[in-house]
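Structural overview for review
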Amino acid sequence: MDNRPIGVFDSGLGGLTTVRRLMQVLPNEDIIYLGDTGRVPYGSRSRDTIIRYAMQDAAFLRQFDVKALVIACGTVSTTSMEALRSGNGELPIYGVVDATVQAAAAATKNGKIGAIGTVATIKSSAYEKGLQRILPGVQYRGKACPLFVPLVENGRTEPGDIVIETVAAEYLEEFRQWGADTLILGCTHYPLLDRVIGNYMGSGVALIDAGAATAEYVAGELARMDRLSGKHAAPAYRYYVTDSTENFTALASLFLKTDHLGPVSQVSLESY
Ligand code: DGL
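First, a word on what this report is: a plain description of the structure on this page.

Counting secondary structure elements, the chain contains twelve helices and ten strands. Projected onto the principal axes, the alpha-carbon positions of the chain cover approximately 50 × 40 × 40 Å. Partitioning the intrachain contacts of the chain with sequence separation of at least 6 by distance along the chain shows that 78% fall at a separation of at least 24. Within the structure as shown, the chain displays about 11700 Å² of accessible surface, and the carbon and sulfur contribution to it stands at 49%. Of note, the chain has its 25 positive side-chain charges centred 4 Å away from the centre of its 29 negative side-chain charges.

What follows is the structure, encoded as structure tokens:
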């Protein structure tokens, strides 16, 4: 048993899609979330910069004596895991890649798996390497979809919205033509587009939500290590951001799908 909180971080507020799923599968766990909203987006930055930011994010959360770190950010998970693990001793650190490739490998029937994510995520080839490890011979295609993040943050997520449907068709056409039967949604924001993407790709294509797959994986791992919380009181949720709390609060309900957020504070990561 381990009653300490779980730390979760993301480049911004998209990681709340993972937090939402963590709350569902681990309803007794306290969660401390850091969203680096002052420096988002990470996905268009260089690998060195992303690693530097990720190390600061992790150092910030470590001051709360977290029992595990969940990297909700697809960009950080695909570029910075090695640095994060080697710089943080024994602390269990979970990115989104491992659980996601397992879910995708289990879902595919024709062995054609696509992945979409930020520019940095696709450039890292992390999904391709992960898939090849567990499913040698798998066919893979990846595509960066940089317009999805700002569109989601502007609320353009609904089927029937001509703007998001046009952009989605342009990004996804090659996967449909190619005949992918599984598509990894490798960015925090994309689960909010699941209906738009699902409608375009068709019901025969499995969409793998990286954050959801990871939340379930983390729940299994904490149970396996006997590190689940034994508390029976309502769990505590705490949020930290690096830009204004108002902007975060205004958009958080879109990702968390609840108006009940919990305390939010603005912090600086400069000294970490
Ligand atoms: N959170 C990022 C990800 O999942 C998307 C936003 C960004 O580019 O920072 O890759």
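Alright, that's what it looks like, and here's the rest.
Another point: the pattern of salt bridges. Enumeration according to the criterion identifies eleven salt bridges in this entry. Close ionic contact of Glu29 with Lys67 constitutes a salt bridge, the shortest N to O distance being 2.5 Å. Taken together, the residues span a long stretch of sequence, with Glu29 in the loop between helix H1 (16–25) and strand E2 (31–35) and Lys67 in the loop between helix H2 (47–62) and strand E3 (68–71) at a distance of 38 residues. Considered together, Glu29 and Lys67 belong to a single accessibility category, that of buried residues. We note a salt bridge from Glu158 to Arg195, for which the minimum N-O separation is 2.9 Å. Of the two residues, Glu158 is situated in the loop between helix H8 (148–153) and helix H9 (162–178) and Arg195 in helix H10 (residues 194–201); the sequence distance between them amounts to 37 residues. Residue class for Glu158 comes out partly exposed when judged on its relative accessible area of 40%. Here the salt bridges share partners, and the residues they tie into one network are Asp2, Arg4 and Asp65.

Our focus in this paragraph is the pairing of strand E8 (residues 206–209). Summarising the sheet, strand E7 (residues 182–185) and E8 pair through four bridges and their orientation is parallel. Within E8, the residue paired with Ile184 across the bridge is Ile208. Assessed by its sense of winding, the connection that carries the chain from E7 through H10 to E8 is right-handed.

This next bit is on the site of the ligand. Around the ligand, the neighbouring residues are Asp10, Ser11, Val40, Pro41, Tyr42, Gly43, Cys73, Gly74, Thr75, Thr118, Cys187 and Thr188. Between the ligand and Gly43 there is a distance of 2.9 Å, counted from an oxygen atom to a backbone nitrogen or oxygen. A distance of 3.0 Å separates a nitrogen atom of the ligand from a polar side-chain atom of Thr188. Here the residues of the shell around the ligand are counted per class, giving five nonpolar, six polar and one charged.

Attention now moves to the nonpolar core. One finds Leu16, Ile116, Phe148 and Leu172 to be the most contacted residues of the largest nonpolar core, which totals 51 residues. What Phe148 contacts, discounting residues up to four positions off in sequence, is Ile116, Ile164, Val167, Ala168, Tyr171, Tyr190, Leu193 and Ile197. Within the second largest apolar cluster, 23 residues are counted, among which are Leu34, Tyr42, Met81 and Leu269.

Before going further, it helps to examine the environment of Asp259. One can find Asp259 in the loop between helix H12 (245–256) and strand E10 (264–266). The spatial distance from the C-alpha of Asp259 to the C-alpha of Tyr190 is 20 Å, given a sequence separation of 69 residues.

What counts as what
Residues numbered from 1 in each chain as written. Predicted model: local features only at pLDDT ≥ 70, side-chain atom pairs only at ≥ 80, totals over all residues. Heavy atoms only, no water. Helix = DSSP H or I, 4+ residues; strand = E, 2+ residues; numbered from the N terminus. Contact = heavy atoms within 4.5 Å. Areas by Shrake-Rupley, 256 points an atom, 1.4 Å probe, with all protein chains shown as cover. Lys, Arg positive; Asp, Glu negative; His and termini not counted. Charge placed at Lys NZ, Arg CZ, Asp CG, Glu CD. Salt bridge = Lys/Arg side-chain N within 4 Å of Asp/Glu carboxyl O. Buried < 20%, exposed > 50% of the residue type's maximum accessible area, 1.4 Å probe, protein only. Pairing = 2+ DSSP bridges. Right-handed = clockwise from strand over helix to strand, strands pointing away. Near = heavy atom within 4 Å. Polar contact = N/O pair within 3.5 Å; in protein donor to acceptor, adjacent residues only side chain to side chain. Nonpolar A, V, L, I, M, F, W, Y, C, P; charged D, E, K, R; others polar. Core = buried A, V, L, I, M, F, W, Y, C linked by side-chain atoms within 4.5 Å.

All we've got here are geometric facts, nothing functional implied.
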